[in-house]
Structures are given as C-alpha cells and as structure tokens.
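Coordinate inspection notes
Here is what each chain is made of, one letter per residue.
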Amino acid sequence: MGDYSLLITVAAILILSFSALFTVKQQTVAVIERFGKFVAIRNAGLRVKIPIVDRIVGRISMRILQLDVLVETKTKDDVFVKLKVSVQYKVVKGRERDAFYKLDNPEIQITSYVFDVVRAVVPKMKLDYVFEKKDDIALAVKGELNEAMVNYGYDIIKALVTDIDPDEEVKSAMNRINAAERKKVAAQFEGDAERIFIVEKAKAEAESKRLQGKGIADQRREIARGLEESVEVLNTVGINSQEASALIVVTQHYDTLQSIGSETGTNLILLPNTPQAGSDMLNNMVASFTASNQIGEAIKKGDTEKKKNKRITSNPNDEKTNN
C-alpha cells in the first residue's frame, strides 16, 4: 500500500512539473492569468508557470496582419462604386496587454473605421478623381486608423486601395468613351498621315515636272545649237541658210523613218513620207515664223501708240507748254 501511494505521489509530481512547462512559438506571445487576473506576457521559447494557479488565457501574434475591407459608397457625381481597402497592422511591442484586453475583436473595429473614412472622403470626389487620388484615400484611412488604434496597442503599417469597381453600366459607358476617344485619335493620325502623303506626292510630282521641263528645254537648246552649227558648216561649202535648213529637215525626216524601221512591232507611220514632204514642212515652218514675227511687231507697235496717247491725254498742260 505504501509503494502504491509513493507511485501516485511521483506521478502527480511529474504531471505538475510537465504542466508547469510550456512553449511559445516565434513571433507569438502568451498571456498569463492567475486566478483570473493578468500576471505576465511570456515571449517565444520554453516558459514556466505555476501549475493549477497560472493559466494561459490567450496567445497573440506579433506578425504583420492584413485585413481586406470592401466598402460600397457613392461618388460626387452619383456613381455607386465599391472600394477594396487592404489594411496592414500589427500589435505594438510592449502593448500586448492592451491589445488583448481592450479590444474583443480588432478586425471589427478596423472595419468600422475604414467604412467611416471611405464614406466620408469618396462622396466629395467625382469618379475619375477617385481613380486618380486613391493614394490620398489610403492615406486618409491610415491616418484615421493610426489615431484610433494606437490606444488599443495596434500600429497601422499601411493602408492600400487595391481595387475600385464602379457599377457595370458605368464601366461599360467608360469603356465606350475610351474607345471613342482612341478612335478619334487614330482618325486624326490617319488624316495627318494621308495629308502628309498627298503633300509629299504633290511636291514630288511638281519636282518631276520641273525637272522634266528643264530636260526638255535643255534638249531643245542643244538641238538648236546643233542646227546652228550644221548651218554654219554648210555655209562654208557654198550652201545658203534656206538650202541648209531644207537639207537638215530632210535628213532628220529620213533619220526618223530609219529609227522607226529598226523597231519591231511598231505601229507608227509618218504621212506623207516623201522628200517633198520635208521641203513643204520647212516652207510651212518658215511661213509660220514670218507671220508670227509680223504679228508680234504689230502688237508692239500698237502698245507703243497706246502708251503715247495715254501720256498725252493725262498731261494736257505739259503738251500746251511744249507748244
């Protein structure tokens, strides 16, 4: 009987010894009460408490925690919008007792403050401004929460507005506006590109015509110089200018016929193509030039007479003085 009592005593001592030891995980603290009254905060590691007398009433995480709050409110331009606010917070070291005893549920308290701040700030903004100033909304939430939660032993690390979700009809309207704006910009770019293309094409055509005209003028100038030299050469052998011109025209006439004949598949025919045709063409050209010169001289003479009569009419006093 004595041995049995000894075994019970030893077992009780061992049980009490093991119940006196406990461990606390990293980034966690344990709250100890004695007969219902707060005694101490135990940090991470192997810890000791008085069996039966001391009791672990809770454990508090010292890590940074995150709470996502979804708030629906109305903007200044009467658009209902949902904002997702993410709040990162932690228990202040040394204020674990306040964090455990002063607040029954810190998440509910934080959610209430987030609702209050968002519904006070967002209704003062238009929808576009809400998107632009979401950081200001987050700062307002953080400032309000810090001021309130520090009394409960909590520190607000950061507040983020992670999502802004307007009503579906509003989003559809915004997408249509954005698409129309992009189409407008694209049309402007296309119009500018087409205008530049047309202008550059016109410049290129103008330059081409200018160079083509210059080439034709140079060609005719060289032909005239060649004809002049040919006439001078023929004059040295006793052929007058008219005969030399007729000879040159006939020669060019037959040179043309020869070049046409050398090309295969040509459909060009010169009519008439006799030697007399060259002489007739020369005579016609000479007659045309003569008539043109006569008309030009007559026009110049008429213009001179008109100017003279106009001076006499406009200055009658001068004319009388001269007389």
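Above this text is the structure in question.
Below is a summary of the structure that appears in this document. (Residues numbered from 1 in each chain as written. Predicted model: local features only at pLDDT ≥ 70, side-chain atom pairs only at ≥ 80, totals over all residues. Heavy atoms only, no water.)

**Concerning the packing of helix α3 (residues 106-121) against helix α5 (residues 134-149)**
What counts, and what does not: Whenever a helix is involved, its axis is fitted only over the stretch in contact; in every case the axis is a line through C-alpha atoms, and angles between N-to-C directions fall within 0 to 180 degrees. Each helix corresponds to a stretch of at least 4 residues labelled H or I by DSSP, and each strand to a stretch of at least 2 residues labelled E; elements are numbered beginning at the N terminus. For this classification, under 35 degrees means roughly parallel, over 145 means roughly antiparallel, 65 to 115 means roughly perpendicular, and everything else is oblique. Crossings are assigned a handedness: left-handed for a near helix turned anticlockwise from the far helix by less than a right angle, right-handed for a clockwise turn. We call two residues in contact when some of their heavy atoms are within 4.5 Å.
At a minimum axis distance of 9 Å, the contact between α3 and α5 shows a crossing angle of 135°. Between α3 and α5, the angle is such that the two are oblique. For the pair α3 and α5, the crossing hand works out as right-handed. Where α3 abuts α5, its residues P106, Q109, I110, Y113, V114, V117, V118 and V121 lie against I137, A140, V141, E144, L145, A148 and M149.

**Quick notes on unusual backbone geometry**
The bulk of non-glycine residues show a negative phi, and the bulk of peptide bonds are trans. Note the threshold: Three exposure classes are used, based on accessible area relative to the maximum for each residue type with a 1.4 Å probe and protein chains only: buried under 20%, partly exposed in between, and exposed over 50%.
The backbone of Q27 sits at a positive phi, close to 60°, despite the residue not being glycine. Tracing the sequence through the fold places Q27 in the loop between β1 (21-24) and β2 (28-34). Taking relative accessible area as the criterion, Q27 reaches 39% and is therefore assigned partly exposed. Despite not being glycine, F35 shows a phi value in the positive range, around 55°. Position of F35 among the secondary structure elements: in the loop between β2 and β3 (37-42).

**Here's the deal with the pairing of strand β6 (residues 65-74)**
This is how it is decided: Strands qualify as paired when DSSP identifies two bridges or more between them.
Summarising the sheet, β6 and strand β7 (residues 80-91) pair through 10 bridges and their orientation is antiparallel. By the bridge assignment, T73 is partnered in β7 with V81.

**Topic: α5**
Our working rule: One less than the number of residues in a helix, times 1.5 Å, gives the span that helix is expected to have. Note: the arc covers the axis-to-C-beta directions of the helix.
Taking 1.5 Å as the rise per residue, α5 with 16 residues should run 22 Å; its terminal C-alpha atoms sit 22 Å apart, in good agreement. Regarding α5, the residues found buried are I137, A138, V141, L145, A148 and M149. Across the axial projection of α5, the buried residues extend over an arc of 100°, all falling on one side. The outward face of α5, more than 90 degrees from its buried face, is lined by the exposed residues D135, L139 and E147. In the core, the buried residues of α5 are packed alongside β7, α3, α4 (127-132) and β8 (154-166).

**Focus: the sheet that holds β8**
One open sheet accounts for three strands, arranged β6-β7-β8; its pairing is antiparallel. Across the chains shown, the open sheet's two edge strands, defined by having one partner strand only, are β6 and β8. The average angle at which neighbouring strand axes cross in this sheet is 20°, direction not considered. Where β7 lies against β8, 11 bridges are found, and the strand directions are antiparallel. In the sheet register, K82 faces β8, and the bridge partner there is D165. Taken strand by strand, α3 contacts β6, β7 and β8, and its axis lies near 35° from that of β6. Contacting β7 and β8, α5 crosses the sheet at an angle of about 145° to β8.

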